[in-house]
Amino acid sequence: MKIKTRIILLFTTISIFYIVSFAIYVSYFTRDSLQTKFYHRLEENATIVGNHIVQNDEYNNQIYYEVRRKYLAQLSEGKDYLLRIVKDSTNIRVKPNLPMPESFYTEAIVSGKAQYLHGKTSYIAVFFVDSLHKEDLLVISEGIDEYGHDEQRTLDRTVVSGASIAVVLIFLLSFYFANKLLVPIQAINNDLTQIDISHLDMRLQNKFNSENDEIGTLIANFNSMMNRLDISVKSQQSFIGNASHSLRTPLTIIGGEAELALQSLDRQHEAYYSVETISKQVNKMELIVNNLLLLSRSGFDRKIENKQLIRIDELLYDVQRNEKAVSPESRIRLDFSNIPEESQRLNIFVNPDLFYIAFSNILSNACKYGEDNTVTVSLECHLKNVMVKITDDGIGIPQQDQPHIFDSFFRASNVGQIYGNGLGLVLAKNIFDLHGAKLRISSVENQGTNVTIEIPV
C-alpha cells in the first residue's frame, strides 16, 4: 500500500471515529435532556393535579386549569391516574392496568416520586399525604413526548448529514494534504530515475522544502553519498584503465617471447613442454584480463556504442567457425530450418562485437561441458523477437548450483578438471541485458543444458 493511501485512510479513519463519537455523545445527552425535561413537565402536571384533588380550593383550581391549558399540546397523548393508598402502608386499593412493575409503586410511595419509560410513553408518579381523607393519594401522569421525539429526530438527521459532509470534506482534505506532503518525495523519485552508474554527477535539487527540515536533510545526505560514490567509481575506472595497459603489455611480451622460444626449440627439448605451457597460460590470462575489463566497463557505462543492423544467422556462422578453429574436435550443428524466407526478419540492431563475444562464450561453454556430444544451435523468428537456442547433452548443472551461475568466478561443482574462469556467462548476460535481450538457462545434471536468448527486433 502506498504511503499516500495509508495517510488518507489513517487520517479519514481517525476523523470518522471522532466525528461518530461526538455525534453519539450529542445525540445521547440531547435525548437524555429532552427526556428529563418531559419528566419534569409530567411531574408538574401530577403535582398540580394532586394538589387540586387534595386541597380542592379556588386558587388551586385556577392554577390547575392554567397549567392544563399550558401543557395541553404536549400532554394530550396521555392522561392522569388517581390511586388511593392506605395510610402508613404501600397497599393500593385499586391498581390500574399499567405496564409498571410493583417496585415502581413502592418507590413512589416511599420516596414520594418515581418515573418509568415504556416504549415512547413516559410515566411519573407523585405521592401526596391527604389529611382531609382517610387514604393518601398517588397521582400517575402519563404522556408521550411527541415534540421531544420530533426534536430528537431532527437533531439526529442534522448530525448524520453534518457528519457525512464532514467525512467527505475530511477525505478531500486528507487527499489534498497527502499530495502536498508527498510532492517532494515524488520529485525526488523522478530525479532518481535519471541517476545511474554513467550519470553519477547528477544531484538532487531541493525545490519544495526548507534545507533544515527532514526532506532537506535527506536530500543533503543523499547528495553527500553520491559525491563519495562518484569519487569511488572514478577511482575504479581509472584503475581499470591503467590495469588494462599494465597487464596487457607484459602478457603480450611474455606471449611473444614464448612463441619465439617455441619456434627455436626442438619438440624433443626438455624445455619445450614448459615454454608451451607458458604460452598457453598467457593466452588464458589474456582472455581472463580481456573479459574482466570488458565486464567492468559494461558495468560502469551501461550504454552501447557502435550499434548496427546485422543478420543473426551470419553472426552465428562466424561464431561457429571461430569455435571450430579454436577447438577442432567440437561438433556444432546449426539448425536454421525454421527461419523465414524474408531475410530482413533476421536483422537485429546490436553491437556486433559484443554480441559475438556473448555468443562465443555460451557456445564455448556448451562445447566444453558437452562431453564431445553435438551442440545444436537453432534459430527462430517471431513477431517481436528473434530466438536463439543452444542445446548440449553434456554434464548439465546441478540444481543447487543453478541460482549462482551468473555470479562472477562461480563454477559448478561437477566441472572437475575442465578449464574455465567463471566469467563467460556473467559477461554474456551483461551484454544481453544492455541490449534488452533475455537470457534463460535450464539444465538437468548429466542430461544437458538448454540456453535460450530472446533478442528484440
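Residues numbered from 1 in each chain as written. Predicted model: local features only at pLDDT ≥ 70, side-chain atom pairs only at ≥ 80, totals over all residues. Heavy atoms only, no water.

## A few points about unusual backbone geometry
Inference 1: Backbone geometry at D372 places phi at a positive 65°, although glycine is not the residue there.
Inference 2: Among the secondary structure elements, D372 is positioned in the loop between α8 (352–368) and β8 (375–381).
Inference 3: Look at D372 and you get exposed, because its relative accessible area is 55%.
Inference 4: At N446, a residue that is not glycine, the phi angle is positive and equals roughly 70°. (Helix = DSSP H or I, 4+ residues; strand = E, 2+ residues; numbered from the N terminus. Buried < 20%, exposed > 50% of the residue type's maximum accessible area, 1.4 Å probe, protein only.)

## Focus on the sheet that holds strand β6 (residues 332–335)
Inference 1: Pairing is mixed across the open sheet formed by five strands, whose spatial order is β6-β8-β9-β11-β10. If you trace the sheet from one side to the other, it starts and ends with β6 and β10 (438–444), each paired once. Taking the axes of each pair of neighbouring strands and ignoring which way they run, one obtains an average angle of 15° across the sheet.
Inference 2: Across four bridges, β6 lies against β8 in parallel orientation. Among the inter-strand pairings, I332 is bridged to a residue of β8, identified as V375.
Inference 3: Its contacts with the sheet place helix α7 (residues 312–326) against β6, β8, β9 (385–392) and β11 (448–456), and it is angled at close to 170° to β6.
Inference 4: Taken strand by strand, α8 contacts β6, β8, β9, β10 and β11, and its axis lies near 25° from that of β9. (Pairing = 2+ DSSP bridges. Axes fitted to C-alpha atoms, helices over the stretch in contact; angles between N-to-C directions. Contact = heavy atoms within 4.5 Å.)

## A look at the side chain of S122
Inference 1: Mapped onto the elements of the fold, S122 is located in strand β3 (residues 121–128).
Inference 2: One polar contact links S122 to Q35, side chain to side chain, over a distance of 2.8 Å.
Inference 3: Not counting residues within four places of it along the chain, the set of residues in contact with S122 comprises Q35, F38, Y39, L42, Y116, L117, S141, E142 and G143. (Polar contact = N/O pair within 3.5 Å; in protein donor to acceptor, adjacent residues only side chain to side chain.)

## Structural notes on the UniProt feature "transmembrane region" (unreviewed entry) in the protein chain
Inference 1: Under the UniProt annotation, "transmembrane region" (unreviewed entry) lies at residues 7–28.
Inference 2: The span residues 7–28 shows a helical share of 100% and a strand share of 0%, and its end C-alpha atoms are spaced 31 Å apart. (UniProt positions renumbered as here; feature names shortened; annotations may be inferred.)

## Concerning the sheet that holds strand β4 (residues 135–144)
Strand pairing in a sheet relies on backbone hydrogen bonds, with the paired strands running either antiparallel or parallel.
Inference 1: Within the open sheet, the four strands sit side by side as β1-β4-β3-β2. Their pairing is antiparallel. The open sheet has two edge strands with one neighbour each: β1 (80–86) and β2 (113–118). Neighbouring strand axes in the sheet, compared pairwise and without regard to direction, differ in orientation by 20° on average.
Inference 2: As judged from the seven bridges shared by β1 and β4, these two strands associate in the antiparallel manner. If you follow L82 over to β4, its bridge partner there is V139.
Inference 3: Strand contacts of helix α1 (residues 3–55): β1, β2, β3 and β4, with the helix running at about 40° to β3, the strand carrying the most contacts.

## Quick word on the packing of aromatic side chains
Inference 1: Evaluated as defined, the whole model comprises ten aromatic pairs.
Inference 2: Aromatic side chains F17 and Y18 sit 5.5 Å apart centroid to centroid with 75° between the ring planes, which places their arrangement in the edge-to-face category. Taken individually, F17 and Y18 each receive the classification exposed, so the pair is uniform in this respect.
Inference 3: Between Y317 and F336, the ring centres sit 5.4 Å apart and the planes meet at 85°, which makes this aromatic pair edge-to-face. One end of the pair, Y317, is in helix α7; the other, F336, is in the loop between β6 and β7 (347–350), and 19 residues separate them in sequence. (Phe/Tyr/Trp six-rings, centres within 6.5 Å; stacked < 30°, edge-to-face > 60°.)

## Considerations on the pattern of salt bridges
Inference 1: Throughout the structure, instances matching the rule amount to eleven salt bridges.
Inference 2: In this structure, D145 engages R41 in a salt bridge whose closest nitrogen and oxygen atoms are separated by 3.6 Å. Of this pair, D145 sits in the loop between β4 and α4 (146–192) while R41 sits in helix α1, and the two are 104 residues apart along the sequence. Comparing D145 with R41, the two get one shared label, buried.
Inference 3: The shortest N-O distance in the salt bridge between D313 and R311 comes to 2.7 Å. (Salt bridge = Lys/Arg side-chain N within 4 Å of Asp/Glu carboxyl O.)

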